[in-house]
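Here is how the chains run, residue by residue.
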Amino acid sequence: MSNKNILQTGCLVSVILIAAALWWFYRALPRMRVEGSDKIDMTQAQIESIRNIGQWEFLSVSDEELVDTTRQGFFSDDHLVRIYYGTMRLGIDLGQLSEGDISRAGDSIIIILPAISLLDDDFIDETRTKAFHESGRWSAADREAMYERAKRQMKSHALTRENIAVAQNNADAQMRQMLKAMGFKNVIIRFKEL
């Protein structure tokens, strides 16, 4: 027998022995079963991580308001006209979530978000406020009254149904994306009423 035949026979025997050893180990090992689960529970840590996001802005509305006032005098009237600028941020404060606001129903997660609201009541940029016209003497209280009037007008322009609906749609989309990234497949989002 030549060296070539001996080498081929040796390789064949090695392959048969390896196959037999693998078959024996496979039969001798205890059967293991791997089962998958698509169940994902919302843990307290996940709830806290959502709460810790804090205020989440979904729409910002910039506005400018012209506010004027007139005080009638004996000889002449006093006028004060100012222009106020502000940016109102609409969103939700996730710190207001309670454990009951996040629940599971089968393979769905249900989250009830706080109502869309104004995130900061100090939205007027006083550095940009301009006196458009001023005649007569005006006190700090008069200027404060105009400031409050401008604030009310800006709020009425920003907190419209349309703007709240846009902010809710943005909140729904971003919250849904975040929860799906956490592994939840079916996400149901609702909003509390103001």
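In this convention, every chain numbers its residues from 1, walking through the sequence in written order. Totals for whole chains, interfaces and linings use all residues, but because this is a predicted model, local features are given only for residues with pLDDT of at least 70 and pairs of side-chain atoms are given and counted only at 80 or more. In computing side-chain values, all of the structure's heavy atoms are included and hydrogens and water are not.

A. Looking closely at the environment of V81. Looking at the element boundaries, V81 is found in strand β2 (residues 78-93). Sequence separation between V81 and E134 is 53 residues, and the spatial gap between their C-alpha atoms is 6.3 Å. The contact criterion used throughout is that any non-hydrogen atoms of two residues lie within 4.5 Å. Residues in contact with V81, not counting those within four places in the same chain, are L66, V67, D68, K130, A131, F132, H133 and M146. What counts as a helix is a DSSP run of H or I of at least four residues, what counts as a strand is a run of E of at least two, and both are numbered from the N terminus.

B. Spatial organisation of the side chain of T129. Inspection of the secondary structure assignment puts T129 in the loop between β5 (117-118) and β6 (130-135). Among the residues examined, T129 registers a relative accessible area of 17% and is labelled buried. Any residue under 20% of the maximum accessible area for its type is buried, any over 50% is exposed, and the rest in between are partly exposed; the area is computed with a 1.4 Å probe on protein chains only.

C. Structural detail: the pattern of salt bridges. Here, a salt bridge means any Lys or Arg side-chain nitrogen found within 4 Å of an Asp or Glu carboxyl oxygen. For the structure shown, the criterion picks out five salt bridges. It is possible to trace a salt-bridge network through shared partners that takes in D121, K151 and K155.

D. Structural detail: a negative patch on the surface. There is a patch of like negative charges on the surface, built from D120, D122, E126, E144 and E148. For D122, the position within the fold is in the loop between β5 and β6. Think of a patch as exposed residues, more than 30% relative accessible area, with no salt bridge, where like charges cluster within 9 Å and nonpolar side chains (Val, Leu, Ile, Met, Phe, Trp, Tyr) cluster within 5 Å. For every accessible area listed, the method is Shrake-Rupley and the probe measures 1.4 Å; residues are considered covered only by the protein chains on display. Residues scored as charged are limited to Lys and Arg (positive) and Asp and Glu (negative), so that His and the chain ends carry no count. For this purpose, a charge sits on NZ of Lys, CZ of Arg, CG of Asp or CD of Glu.

E. Region of interest: the nonpolar core. Within the largest apolar cluster, 34 residues are counted, with the highest numbers of intra-cluster contacts made by Y84, M88, L90, I111, L113, I116 and M175. Where this core is concerned, the elements lending two or more residues are β1 (55-71), β2, β4 (108-113), α3 (140-158), α4 (161-181) and β7 (186-191). Leaving out residues up to four positions away in the same chain, L113 has contacts with I92, L94, L97, M175, I189, R190, F191 and K192. In plain words, nonpolar cores are sets of buried Ala, Val, Leu, Ile, Met, Phe, Trp, Tyr and Cys residues tied together by side-chain atoms within 4.5 Å.

F. Molecular detail of the side chain of K151. Summarising the element assignment, K151 is placed in helix α3. If we skip the residues at most four places from it in the chain, K151 touches D121, F123 and I124.

G. Layout of α3. Relative to the 27 Å expected for 19 residues at 1.5 Å per residue, α3 spans 27 Å between its end C-alpha atoms, a close match to the ideal helical length. Those residues of α3 that sit buried are M146, Y147, A150, K151, M154 and A158. Burial along α3 is one-sided: seen end-on, the buried residues are contained in an arc of 145 degrees. Opposite the packed face of α3, turned more than 90 degrees from it, sit the exposed residues A141 and R152. By this rule the span expected of a helix is its residue count minus one, scaled by 1.5 Å. Taking the helix axis as origin, the arc is that swept by the directions to the C-beta atoms.

H. Focus on the confidence of the model for the protein. Considering every residue of the protein, the mean pLDDT works out to 76; 71% of them sit at 70 or more. Looking at the elements of the protein, mean pLDDT is at its lowest for helix α1 (residues 3-28), recorded as 48, and at its highest for β5, recorded as 92. Along the chain, pLDDT gives the predictor's confidence residue by residue, from 0 to 100. Throughout residues 22-26 the model reports pLDDT below 50, and contacts reaching past four residues in sequence, or to other chains, amount to one contact.

I. Spatial organisation of the sheet that holds strand β3 (residues 102-105). Strand pairing is defined by DSSP finding a minimum of two bridges between the two strands. With mixed pairing, three strands are arranged side by side in an open sheet as β3-β4-β7. Both outer strands of the open sheet, β3 and β7, are each paired with one neighbouring strand and no more. Here the average twist between neighbouring strands, direction ignored, is 25 degrees. Pairing of β4 with β7 involves six bridges; the strand directions are parallel. Considered in β7, the bridge of L113 is made with F191. Across the sheet, α4 lies against β4 and β7, angled at about 145 degrees from β7, the strand it touches most. Helix axes are fitted to C-alpha atoms over the stretch in contact, other axes to C-alpha atoms as well, and angles between N-to-C directions run from 0 to 180 degrees.

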